[in-house]
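Here is how the chains run, residue by residue.
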Amino acid sequence: MFPVSRPRRLRRTAAIREMVRETRLDAGDFVYPLFVRQGRGIKNEISAMPGNYHFSVDTLVEEVGQAAEEGIRSVLLFGLPERKDAVGSEASDDDAAVQSAVRALKKAYPELIVITDVCLCEYTSHGHCGVVDEGRVLNDPTLELLAATALSHARAGADMVAPSDMMDGRVGAIREALDGAGHTEVAILSYAAKYASAFYGPFREAADSAPKFGDRFSYQMDPANSDEALREVGMDLDEGADIVMVKPALAYLDVIRLVKESYSVPLAAYNVSGEYSMLMAAAEKGWIDRERTILEVLTSIKRAGADIILTYHAREAARLLR
Ligand code: PBG
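Below or above, wherever it landed, is the structure these notes cover. These figures come from a predicted structure and were not determined experimentally.

### A few points about the packing of helix H4 (residues 140–156) against helix H5 (residues 170–180)
Each pair of packed helices can be summarised by the angle the axes make with each other and by the distance between the axes.
Here's step 1: As a packed pair, H4 and H5 sit with axes 9 Å apart at the nearest point and diverge in direction by 45°. By the angle between their axes, H4 is oblique relative to H5. Handedness of the H4/H5 crossing: right-handed. Within the contact between the two elements, H4 uses Leu143, Leu146, Ala147, Ala150, Leu151 and Ala154 and H5 uses Arg170, Ala173, Ile174, Ala177 and Leu178.
Here's step 2: Grouping the amino acids of the contact of H4 with H5 by side-chain chemistry returns 10 nonpolar, no polar and one charged.

### Brief notes about the packing of aromatic side chains
Here's step 1: Applying the stated criterion to the full structure yields nine aromatic pairs.
Here's step 2: Relative to Phe203, the ring of Phe35 has its centre 5.6 Å away and its plane inclined at 50°; by these criteria the two rings are tilted. In this pair, Phe35 is assigned in strand E1 (residues 30–36) and Phe203 in helix H6 (residues 201–206), connecting sequence segments 168 residues apart. In this pair, the class of Phe35 matches that of Phe203, namely buried.
Here's step 3: Summarising the aromatic geometry, the rings of Tyr191 and Tyr270 are spaced 6.1 Å apart at their centres and angled 40° between planes, so their arrangement reads as tilted. Of this pair, Tyr191 sits in strand E9 (residues 187–194) while Tyr270 sits in strand E11 (residues 267–271), and the two are 79 residues apart along the sequence.
Here's step 4: Three or more aromatic residues link up through ring pairs in this structure, and these residues are Phe35, Phe78, Tyr191, Phe203, Tyr270, Tyr276 and Tyr312.
Here's step 5: The cationic tip of Lys247 hangs over the ring face of Tyr200; the distance from NZ or CZ to the ring centre is 4.6 Å.

### Quick look at the site of the ligand
Here's step 1: Taken together, 17 residues lie around the ligand, and Lys194, Arg204, Lys247, Ser273 and Tyr312 are the ones closest in.
Here's step 2: In this structure, Lys194 approaches the ligand through a side-chain N or O atom, which is 2.6 Å from an oxygen atom.
Here's step 3: In this structure, Arg204 approaches the ligand through a side-chain N or O atom, which is 2.6 Å from an oxygen atom.
Here's step 4: For the ligand, whose accessible area on its own is 400 Å², the fraction buried by protein is 100%.

### Section: the nonpolar core
Here's step 1: Core analysis: the largest hydrophobic core is formed by 74 residues, its most contacted members being Leu60, Val75, Leu77, Leu105, Ile256 and Ile301.
Here's step 2: Dropping the residues within four chain positions of it, Ile301 is found in contact with Ala249, Leu250, Leu253, Ile256, Ala269, Asn271, Ala306 and Ile309.

### As for the side chain of Glu316
Here's step 1: Looking at the element boundaries, Glu316 is found in helix H11 (residues 314–320).
Here's step 2: Within the structure, the side chain of Glu316 is placed 2.7 Å from the side chain of Arg290, a separation counted as a polar contact.
Here's step 3: The residues touching Glu316, leaving out its near neighbours within four places in the chain, are Arg290, Glu291 and Ile294.

### Brief notes about helix H2 (residues 57–69)
Here's step 1: Counted at 1.5 Å a residue, the expected span for H2 with its 13 residues is 18 Å, and the 18 Å between its end C-alpha atoms agrees.
Here's step 2: Every buried residue of H2 is accounted for by Val57, Thr59, Leu60, Val61, Glu63, Val64, Gly65 and Ala67.
Here's step 3: Contacts made by the buried residues of H2 are with E1, strand E2 (43–45), strand E3 (53–55), strand E4 (74–79), helix H3 (97–108) and H11.
Here's step 4: Immediately beyond the C-terminal end of H2, within one or two residues, lies Gly71, with a positive phi of roughly 110°.

Criteria and thresholds
Residues numbered from 1 in each chain as written. Predicted model: local features only at pLDDT ≥ 70, side-chain atom pairs only at ≥ 80, totals over all residues. Heavy atoms only, no water. Axes fitted to C-alpha atoms, helices over the stretch in contact; angles between N-to-C directions. Helix = DSSP H or I, 4+ residues; strand = E, 2+ residues; numbered from the N terminus. Parallel < 35°, antiparallel > 145°, perpendicular 65-115°, else oblique. Left-handed = near helix turned anticlockwise from the far one by under 90°. Contact = heavy atoms within 4.5 Å. Nonpolar A, V, L, I, M, F, W, Y, C, P; charged D, E, K, R; others polar. Phe/Tyr/Trp six-rings, centres within 6.5 Å; stacked < 30°, edge-to-face > 60°. Buried < 20%, exposed > 50% of the residue type's maximum accessible area, 1.4 Å probe, protein only. Lys NZ or Arg CZ within 6 Å of the ring centre and 35° of its normal. Near = heavy atom within 4 Å. Polar contact = N/O pair within 3.5 Å; in protein donor to acceptor, adjacent residues only side chain to side chain. Areas by Shrake-Rupley, 256 points an atom, 1.4 Å probe, with all protein chains shown as cover. Core = buried A, V, L, I, M, F, W, Y, C linked by side-chain atoms within 4.5 Å. Expected span 1.5 Å × (residues − 1).

As structure tokens, then:
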């Protein structure tokens, strides 16, 4: 008790603070999400996510090369299709943008960890993450399409596939398809506890994936639930997930902590588009210090229990940590 105890003794100098610091960020913690489309020489800024772009494969390879020099070791790819249809056919097309990007990145940077988002919403004309019938998103018929998409990414050379659709049983369906085709070494990073969140707003502009009718509440989780997150994580692990993820991150730090304390498995958290754009907008207005806020946010996600952080701040954060 005070005056014997004086916590300020250990805050006196930067060196002492560093010595007793409990959480350390490292560029190796980050996964850098990127958007890729067909074409050449394309680098179009996404207006709702300043500093993020739609790349063609050639400019994507350049971007990732620069990121790698800054210490980024892992990327997550989202694709923008040439054509959308009711079943999102282009998602599993071996010659689509994501598949071409995976091949080009693995060729240019064999050590890079290439993760692909597996979902149909960017590819479907209705914008839902599954097959739609009479206004309902069907679960079981969607599983086949997701498995075919994951398989196509594996054929292209992806190190990990990351299903983000929230259909029941998708991790098992994908594991079975991968193993059946001999891709036993391709890992599954499951968006296990993915909430129906308003924080995905800017991403839906970036990926042109907003649902054309209704919302995603019949498949993504209710933001009010955390017991359910543990059940979802448990199911995905039983089905063969190698890494589980909580998404979004900042409004769900309690869920991150809960999952970390309940399961001893690698845990990822997605610092999503809305979290990114809010910070960038406030910084742009001069209301907050961008660099300090980025590091504080990422530190808080790691402190909550995330081992891996998917973040659009990855490059800037890696530079700040040098
Ligand atoms: C696709 C998907 C979404 C995100 C990642 N994968 C959007 C959604 O579910 O509507 C969100 C990423 C972000 O906001 O940064 N299902």
